[in-house]
Amino acid sequence: MYIVMLGAPGSGKGSAAKILAKKTALPHISTGDMFREQIKKETELGKLANSYISKGQLVPDEVTINIVKDRLNWEDATNGVILDGFPRTIEQAKALDEFLKGQGKSVTLVPEIIIPDQVIIERILNRATCSNKECGAIYNTKFKPPKIEGICDICGAPLSIRNDDNEETIKSRLEVYRQNSKDLVEYYKENGVWTSITPDDPTAGNASDQVVETILKLTK
Ligand code: AMP
């Protein structure tokens, strides 16, 4: 099962992708997480990626497609993956299809999470993520705060704030998403795999669980 999670930054696609990955026992592949790991390690790829990410721009397709292809070749990805943040452009979507076609597979479902902009901005500005890579739990200091400030409920590691989660960058990230998602949605609609999910109350603590339940029903 190859699921492509679509949704603006802060729409909750990362949280839903994590839950979905656990429930399906498929790997969660987040290009944003992959880039952040490279930035942390101060690799050449990390430096290059950071020059785009810090401005809220997309990392070039060629670079992004290559790291995803490499990851899809891992053995744990043979039965499917939950893609989060990839593809973000038509070129990436086509490269993914081509890759999967080569293995006799195709994208199963493309759920797009639709959330009002105001909620998105509030969410991003209040987002805190567990710094432990194995855990990566996502909190909202307003809507879903940790029990102890700055500490992950699940593993006890300190929470961190993403560098690109600031008001300046958010606007450009939302704009980039709007520009690219139109074509992506068209592309996946034509392929018959796109579906939209609008949570009843996106600020509810269990909004991501509801999104995941909907996706699981649609893939049965
Ligand atoms: P995310 O964690 O998905 O919000 O991604 C954070 C940032 O990483 C984005 O704003 C982009 O700069 C970059 N990025 C992540 N995924 C991609 C992608 N598929 N193509 C290009 N850039 C990406």
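Criteria and cut-off values
Residues numbered from 1 in each chain as written. Predicted model: local features only at pLDDT ≥ 70, side-chain atom pairs only at ≥ 80, totals over all residues. Heavy atoms only, no water. Pairing = 2+ DSSP bridges. Helix = DSSP H or I, 4+ residues; strand = E, 2+ residues; numbered from the N terminus. Near = heavy atom within 4 Å. Polar contact = N/O pair within 3.5 Å; in protein donor to acceptor, adjacent residues only side chain to side chain. Areas by Shrake-Rupley, 256 points an atom, 1.4 Å probe, with all protein chains shown as cover. Nonpolar A, V, L, I, M, F, W, Y, C, P; charged D, E, K, R; others polar. Axes fitted to C-alpha atoms, helices over the stretch in contact; angles between N-to-C directions. Parallel < 35°, antiparallel > 145°, perpendicular 65-115°, else oblique. Left-handed = near helix turned anticlockwise from the far one by under 90°. Contact = heavy atoms within 4.5 Å. Phe/Tyr/Trp six-rings, centres within 6.5 Å; stacked < 30°, edge-to-face > 60°. Buried < 20%, exposed > 50% of the residue type's maximum accessible area, 1.4 Å probe, protein only. Lys NZ or Arg CZ within 6 Å of the ring centre and 35° of its normal. Lys, Arg positive; Asp, Glu negative; His and termini not counted. Salt bridge = Lys/Arg side-chain N within 4 Å of Asp/Glu carboxyl O.

Undergrad: When you look at the sheet that holds strand E7 (residues 159–160) in this model, what are you seeing that I'm missing?
TA: Hydrogen bonding along the main chain pairs the strands of a sheet, whether they run parallel or antiparallel. Read across the sheet, three strands follow the order E6-E5-E7 without closing on themselves; strand pairing throughout is antiparallel. At either end of the open sheet lies a strand with only one pairing partner, and these are strand E6 (138–140) and E7. Pairing analysis gives three bridges linking strand E5 (residues 127–130) to E6, with the strands arranged antiparallel. Across the sheet, the residue bridging to Thr 129 is Ile 138, located in E6.

Undergrad: Could you clarify how one ought to interpret the site of the ligand in this entry?
TA: In the vicinity of the ligand, 16 residues are found, and the nearest of them are Thr 31, Arg 36, Gln 57, Gly 85 and Arg 88. A distance of 2.8 Å separates a nitrogen atom of the ligand from a polar side-chain atom of Arg 88. Its free accessible area being 480 Å², the ligand has 96% of it covered by the protein chains. Among the elements that make up the shell around the ligand, the one with the highest residue count is helix H2 (residues 31–40) (four residues). Among the residues making up the shell around the ligand, the classes are represented as five nonpolar, six polar and five charged.

Undergrad: Looking at this structure, how should I read the packing of helix H1 (residues 13–24) against helix H8 (residues 207–218)?
TA: Axes are the key here: two packed helices are described by the angle between their axes and the distance separating the axes. Contact geometry of H1 with H8 gives a least axis separation of 9 Å together with a crossing angle of 50°. Relative to H8, the element H1 is oriented oblique. The element H1 and its partner H8 pack so that their crossing is right-handed. Here Ser 15, Ala 16, Ile 19, Leu 20, Lys 23 and Thr 24 of H1 come into contact with H8, specifically with Ser 208, Asp 209, Val 211, Val 212, Glu 213, Ile 215 and Leu 216. Along the lines of polarity and charge, the residues of the contact of H1 with H8 split into seven nonpolar, three polar and three charged.

Undergrad: Hey, could you run me through the packing of aromatic side chains in this one?
TA: For any pair of aromatic rings, geometry is given as the distance between the ring centres together with the angle between the planes. Applying the stated criterion across every chain yields a total of one aromatic pair. Ring geometry for Tyr 187 versus Tyr 188: centroids 5.3 Å apart, planes at 75°, classification edge-to-face. For Tyr 188, a relative accessible area of 0% puts it in the buried group. Just above the ring of Trp 74 sits the side chain of Arg 71; from NZ or CZ to the centre is 3.9 Å. If you follow Lys 144 out to its NZ or CZ, it ends over the ring of Tyr 139, 5.5 Å from the centre.

Undergrad: I keep staring at the side chain of Glu 112 and nothing clicks. Help me out?
TA: Mapped onto the elements of the fold, Glu 112 is located in strand E4 (residues 110–113). Despite its burial, Glu 112 remains without a salt bridge, the nearest opposite charge being carried by Lys 189 at 7.3 Å. At 3.2 Å, the side chain of Glu 112 and the side chain of Trp 194 are in polar contact. Ignoring any residue separated from it by four or fewer positions in sequence, one finds Glu 112 in contact with Leu 6, Gly 7, Tyr 177, Val 185, Trp 194, Thr 195, Ser 196 and Ile 197.

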